[in-house]
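Residues per chain, in single letters:
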Amino acid sequence: MYRIRQIREDRDLSQETVAKVIKTTQQQYSKIETGRADISGEKLILLCKFYNLSADYILGISDDAKPIK
């Protein structure tokens, strides 16, 4: 659904690692990656900070990965 799986795999990270960063379980993170669950704003912010990417890029709205400064 979102680009988060591609981003995670490109950085050779496990679902468990990223799940810890956004303060959730691996199972819930898997549901977010597959589109079976929505990502909360709080968790999206944590992902943006962790990856240093814009939310628009992570959500697939924009192809510009640069975060707003």
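A brief structural summary. Just so you know, the residues in each chain are numbered from 1, in the order the chain's sequence is written. Local features in this predicted model are restricted to residues whose pLDDT is 70 or higher, and side-chain atom pairs enter the listing and the counts only when it is 80 or higher, whereas totals over whole chains, interfaces and linings include all residues. Water and hydrogen atoms play no part in the side-chain values, which are based on all heavy atoms of the structure.

## A closer look at the overall build of the protein
Here is step 1: Of the regular secondary structure elements, the protein holds 5 helices and 0 strands.
Here is step 2: Here a helix means four or more residues in a row that DSSP labels H or I, a strand means two or more in a row labelled E, and each is numbered from the N terminus. Counting from the amino terminus, the protein carries its helices and strands in the arrangement α-α-α-α-α.
Here is step 3: For the protein, whose C-alpha radius of gyration is 11 Å, the value lies close to the compact-globule estimate of 11 Å for 69 residues.
Here is step 4: On the principal axes, the C-alpha backbone points of the protein span a range of 30 × 20 × 20 Å.
Here is step 5: Relative to its 69 residues, the protein shows a buried fraction of 36%.
Here is step 6: Summarising the internal contacts of the protein: among those between residues at least 6 apart in sequence, 44% fall at separations of at least 24.
Here is step 7: Split by element, the accessible area of the protein, about 4,500 Å² in all, is 48% carbon and sulfur. As a reference, a globule follows 2.2 Å times the number of residues to the power 0.38, and the radius of gyration itself is taken over C-alpha atoms. Each residue is assigned to one of three classes by its accessible area relative to the maximum for its type, calculated with a 1.4 Å probe on protein chains only: buried under 20%, partly exposed between the two thresholds, exposed over 50%. A contact between two residues is defined here by any heavy atoms of the two lying within 4.5 Å. In short, Shrake-Rupley with a 1.4 Å probe defines the accessible areas, and a residue's cover is counted only from the protein chains shown.

## Side note on unusual backbone geometry
Here is step 1: Despite not being glycine, D12 has its phi angle at roughly 55°, a positive value.
Here is step 2: Structurally, D12 can be placed in the loop between helix 1 (4-10) and helix 2 (15-21).
Here is step 3: With a phi angle near 60°, K23 is a residue other than glycine that sits in the positive phi range.
Here is step 4: Relative to the helices and strands, K23 resides in the loop between helix 2 and helix 3 (26-34).

## Remarks on the environment of I22
Here is step 1: Summarising the element assignment, I22 is placed in the loop between helix 2 and helix 3.
Here is step 2: Through-space distance from the C-alpha of I22 to that of I45 is 8.7 Å; in sequence the pair is 23 residues apart.
Here is step 3: Among residues more than four places away in sequence, those in contact with I22 are Y29, K43, L46 and L47.

## Some points on the nonpolar core
Here is step 1: The biggest cluster of nonpolar side chains holds 17 residues, and the ones touching the most others in it are I4, Y29, L47, Y51 and I58.
Here is step 2: If you list the elements that add at least two residues to this core, you get helix 1, helix 2, helix 3, helix 4 (41-51) and helix 5 (55-58).
Here is step 3: A per-element tally of this core places helix 4 first, with 4 residues.
Here is step 4: Contact partners of L47, with chain neighbours within four places excluded, come to I4, V18, I22, I39, N52 and I58. Residue types Ala, Val, Leu, Ile, Met, Phe, Trp, Tyr and Cys, when buried and joined through side-chain atoms within 4.5 Å, form a set referred to as a nonpolar core.

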